[in-house]
Amino acid sequence: MSAPETRTYPGHGAAVARNVTDSTPWWRTPPQAPAGAPNVVVVLMDDMGFSDVGPFGSEIDTPTLDALAERGVRFTNYHTNPLCSPSRASLLTGLNPHNAGYGFVSNADPGFPGWVFEIADDVPTLAESLRAGGYATYAVGKWHLTKDALMNEGAAKASWPLQRGFDRFYGFLEGMTSLHLPYHLVRDNSPVQTDVYPDGYYLTDDLTDEAIGLVKGLRANSDKPFFLYFAHGACHGPLQAKPDDIAKYRGKYAEGWDAVRAARFARQVEGGLFPEGTELPIRNGELHESVEPWDSLGDDERELYARMKEVYAAMVDNVDQNLGRLLAAIEALGELDNTIVIFTSDNGGTGEGGPQGTRSYFKNFGKGGHLPDEWKRDVPRDLEILGGPQSAIHYPRGWGMASNAPFRLYKGNTHAGGVRVPFIVSWPARLAEHAGQVRTQYQYVTDLYPTLLELTGVSRLTERHGLPAPGLDGFSFTGPLADPSEQSTHPEQYAEMTGNRSYYKDGWKIVTLAQPGVSPDAVPWELYDLRTDPTEVHDVAAQNPELVAELAAAWEKAAWANKVFPQDERGIMHVRRSPAEQAFSRPLRLLPGTPSLERYRSAKLVALRSFDVETRLVYAAGDQGVLFAHGDQGGGYNLHIEDGSLRFVYNEFGVLLEADAGELAEGPHLLTLRATALPEFRWSFDLLVDGVVKAKVEQALMLFGFSPAQGIDVGADRRNPVSWPLYLRHGHFPYTGTLESVTYLPGEPAPYNPAVVLGLLREAGATFE
């Protein structure tokens, strides 16, 4: 009898006959990690300086990190990028920032290859390679690798975490959020719909709970190793912390930033992080970056600035507490010894608070002589609420200087203060003989990708979406990790950020500090021998012109190879946007029950322009609640009915302006909030009932930049309220009546809209060309 006929089908290995008894089954084998492959936990801090944790000289209480360093290895010469999105892109792709498409933070879209703010289709991320190698992959916390025009629900999600290799995600896509009352959390591919957070909620705690739950859930179902990318929102502004954590540091910073910086440096030298004879640079005194001597400040200033620093210290302390919880959970599973834990920061401590700090974080972004005289970058706030949900503060840059001790300058700069950050790696199963050791080799953020692949035994994907993968820009540093005598595997590296430039080669570094209105090419190079001058104190460019020319030529070559150009010599790069975004400025009708709108999508309806908001409802006696709200404690507005009266609240960067339109008659109404753009970045507001003006706010400073930080809500003021007094009275105050619709009608852009200004610049440029 002849064998039965069998067939095979593309993509499946079974031999299929007419009957099952004559058929041969086949099952796809899922990818398997190498035997004994370790778990990997990468903890990435936000805007945390080199000296802000105990193992790098801090007075802040970080026992978990102290223990991590004692059983691991510290790198004192690890470098990253000067801003967060570029660093995150380099870490997850192994590519230089511009080469990865992230020449800036993901809040622009100028239309050039180094600033696309999406990881290219042919680039496999670290998560994708590890997942293909048999790992479970989780991302928790801040993403900031999706440009703001693509963060809304209607956008393509190719650059969201799940599409870039992560099995699960919980956190926020933006560059910042409130830690007490987050604006817009995302789980996997969908926004989390939250009306009110529970009392005592704090985002760092929540993210840690999620991370622990993911790990425990995996172990209940699988023994595959995991990659956990935990990117904290701390310590980015606005600075916020839990009351008990803040209280722990009350009075600890009364001595000021000069004394704290000096004490940290002393501990660094004593602890072997730097050799005897290393110089602590003088206080930052560069143009637009200078810090006042603490002793020159008045008593009120010192008290305020010390309290701001207490909040920051509390944030760091809380991260350490939560890392302790996470590691305890991994230890309870019996897996801590075979878990690689890496702790580092995305860039150095920041100077964005300016010389005096701010109690109005988003107002602080407004800078320049074009703003009205009364535009103060601060608002009064009771000291007792600093760091709480009502406040949006940032410290003065003197504390940023202390955070970056012993280095000069800050986040955004290519001097060491912006790019040299703490780095701890622990893996007890493999690094026990090196426990507590320090490494001084230069390594760079792109090196983390190939290093982790080598340590896990997983190969990098050679293609993605059918396209061959480009080569990595980083180099594995497993050699220096295991042997302090090994040479650095990363002998040279360019850097560029908003005109700040540098080039490192074999211990030498050229660097520039960009100046407003000055072409980057016109700023002279400084030169430092980091082998003898790691803190960049002695500029030896004048004595070594040939070396400067050689390194400058190397920077130029690397810049062209990595898509750094064009340079923004006219200061217009970051206001350019894709023409496709004009669709965001069309009228928008919102129905009750519409989920919260995302921040950037909401901002395009109102930013730097006149606009109307029309609300249609049928009012009955006793109806009350919020009709619409846009913003948060840092700035925003809402329209609500309370005790029968129609009321408008405008939060002017922390200062409440209110208008009462009186009682509404029963029946249908058209309510119109009319915002008119005025000169000098102001709005006036008219509140109309059925076409008749019933209340006004004559003048208010415009919200722009990142404010309102929370998007539009209809029928309630969810999560982070515009008005704290209203929130205390009613919570999120859902509207109880019949609300038909809320329609946004964007008007003409104000004459000072960046898009209009850019158009004028283009016309002027065309005239001269």
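A quick note: this is a predicted structure, and the numbers were derived from the prediction, not measured. Just so you know, the residues in each chain are numbered from 1, in the order the chain's sequence is written. For this predicted model, a pLDDT threshold of at least 70 governs which residues receive local features, and a threshold of 80 or more governs which side-chain atom pairs are given and counted, while totals over whole chains, interfaces and linings are taken from all residues. Computation of side-chain values covers all heavy atoms of the structure but excludes hydrogens and water.

Undergrad: Break down the sheet that holds strand 13 (residues 437–439) for me, citing the residues and quoting the values.
TA: The 10 strands lie next to each other as 9-8-7-6-10-3-11-12-4-13, forming an open sheet whose pairing is mixed. Edge positions in the open sheet fall to strand 9 (190–191) and strand 13, since each of these has one partner strand only. Bridging between strand 8 (residues 186–187) and strand 9 involves two bridges; their strand directions are antiparallel. Bridging from a neighbouring strand, Val 186 pairs with Pro 191 of strand 9. Only when DSSP finds a minimum of two bridges between them are two strands counted as paired. Think of it this way: any DSSP run of H or I at least four residues long counts as a helix, any run of E at least two long counts as a strand, and we number them from the N terminus.

Undergrad: How would you sum up the packing of aromatic side chains? Please name residues and give values.
TA: Aromatic rings from Phe, Tyr and Trp, taking only the six-membered ring of Trp, are treated as a pair when their centres fall within 6.5 Å; an angle between ring planes under 30 degrees marks them as stacked, one over 60 as edge-to-face, and anything in between as tilted. If you walk through the whole model with that rule in mind, you get 42 aromatic pairs. Ring centres 5.5 Å apart and planes at 80° place the aromatic pair Phe 611 and Trp 683 in the edge-to-face group. Separated by 72 residues along the polypeptide, Phe 611 in strand 22 (residues 609–619) and Trp 683 in strand 28 (residues 682–689) bring together distant segments of the chain. Only protein chains enter the calculation, and the probe is 1.4 Å; a residue is then buried if its accessible area is under 20% of its type maximum, exposed if over 50%, and partly exposed in between. For Phe 611, a relative accessible area of 1% gives the class buried. Residue Trp 683 is classed as buried on the basis of its relative accessible area of 1%. An aromatic cluster is present here, built from Phe 611, Phe 628, Tyr 637, Phe 648, Tyr 650, Trp 683, Phe 685 and Tyr 744 joined pairwise through their rings. Any Lys NZ or Arg CZ found within 6 Å of a ring centre and within 35 degrees of that ring's normal is scored as a charge over the ring. We note Lys 309 situated over the ring of Tyr 253; from NZ or CZ to the ring centre the distance is 5.7 Å. Here the guanidinium or amino end of Arg 501 rests over the ring plane of Trp 525, the centre of that ring lying 4.4 Å away.

Undergrad: Summarise a negative patch on the surface; cite the residues concerned and give the values.
TA: Each patch is built from salt-bridge-free residues with over 30% relative accessible area, joining like charges within 9 Å and nonpolar side chains (Val, Leu, Ile, Met, Phe, Trp, Tyr) within 5 Å. All accessible areas in this document rest on Shrake-Rupley with a 1.4 Å probe, and a residue is counted as covered only by the protein chains that are shown. Here a salt bridge means any side-chain nitrogen of Lys or Arg lying within 4 Å of a carboxyl oxygen belonging to Asp or Glu. Two residue types count as positive, namely Lys and Arg, and two as negative, namely Asp and Glu; His and chain ends fall outside the count. For the purpose of locating charges, the reference atoms are NZ of Lys, CZ of Arg, CG of Asp and CD of Glu. Among the surface-exposed residues, Glu 292, Asp 300, Glu 301 and Glu 303 lie close enough to one another that they form a single negatively charged patch. Tracing the chain through its elements places Glu 292 in the loop between helix 7 (257–270) and helix 8 (299–332). For Glu 292, a relative accessible area of 45% corresponds to the partly exposed category.

Undergrad: I'd love a proper account of helix 12 (residues 448–456), names of residues and values included.
TA: A large share of helix 12 lies buried, amounting to eight of its nine residues. Listed in full, the buried residues belonging to helix 12 are Leu 448, Tyr 449, Pro 450, Thr 451, Leu 452, Leu 453, Leu 455 and Thr 456. The first or second residue beyond helix 12 is Gly 457, which carries a positive phi of 80°.

Undergrad: Which residues make up the environment of Gly 622, and what are the values?
TA: Within the fold, Gly 622 resides in the loop between strand 22 and strand 23 (625–632). Judged by relative accessible area, which is 59%, Gly 622 ranks as exposed. With 406 residues separating them in the primary sequence, Gly 622 and Lys 216 have C-alpha atoms 49 Å apart.

Undergrad: Residues and numbers for the nonpolar core, please.
TA: Core analysis: the biggest nonpolar cluster contains 81 residues, and Phe 226, Leu 228, Trp 257, Leu 326, Phe 343 and Trp 399 have the highest contact counts within it. For this core, the element with the most residues is helix 8, which contributes 16 residues. In what follows, a contact means two residues having at least one pair of non-hydrogen atoms within 4.5 Å. The residues contacting Leu 326, other than those within four sequence positions of it, are Val 41, Thr 208, Ala 211, Ile 212, Leu 228 and Phe 230. Throughout, nonpolar core names a set of buried Ala, Val, Leu, Ile, Met, Phe, Trp, Tyr and Cys residues whose side chains join them through atoms within 4.5 Å.

Undergrad: Please set out the packing of helix 1 (residues 63–70) against helix 8 residue by residue, giving values where relevant.
TA: Axes here refer to lines fitted to C-alpha atoms; in helices the fit is confined to the stretch in contact. Angles between the N-to-C directions go from 0 to 180 degrees. Contact geometry for helix 1 and helix 8: axes closest at 7 Å, N-to-C directions at 60°. Compared by their axis directions, helix 1 and helix 8 come out oblique. Here helix 1 contributes Pro 63, Thr 64, Leu 65 and Leu 68 to the contact with helix 8, which in turn contributes Asp 320, Leu 323, Gly 324 and Leu 327. Ten residues, namely Ala, Val, Leu, Ile, Met, Phe, Trp, Tyr, Cys and Pro, are considered nonpolar, four, namely Asp, Glu, Lys and Arg, are considered charged, and the remaining ones, Gly among them, are considered polar. Of the residues that constitute the contact of helix 1 with helix 8, the class distribution is five nonpolar, two polar and one charged. By definition in this entry, angles of less than 35 degrees are roughly parallel, angles greater than 145 are roughly antiparallel, angles of 65 to 115 are roughly perpendicular, and the rest are oblique.

Undergrad: Quick rundown of the packing of helix 5 (residues 203–219) against helix 8? Include the residues and the values.
TA: Between helix 5 and helix 8, the shortest axis-to-axis distance is 10 Å and the interhelical angle comes to 10°. By the angle between their axes, helix 5 is roughly parallel relative to helix 8. In this structure, helix 5 uses Thr 204, Asp 205, Thr 208, Asp 209, Ala 211, Ile 212 and Lys 216 to contact helix 8, whose residues at the interface are Asn 318, Val 319, Asn 322, Arg 325, Leu 326 and Ala 329.

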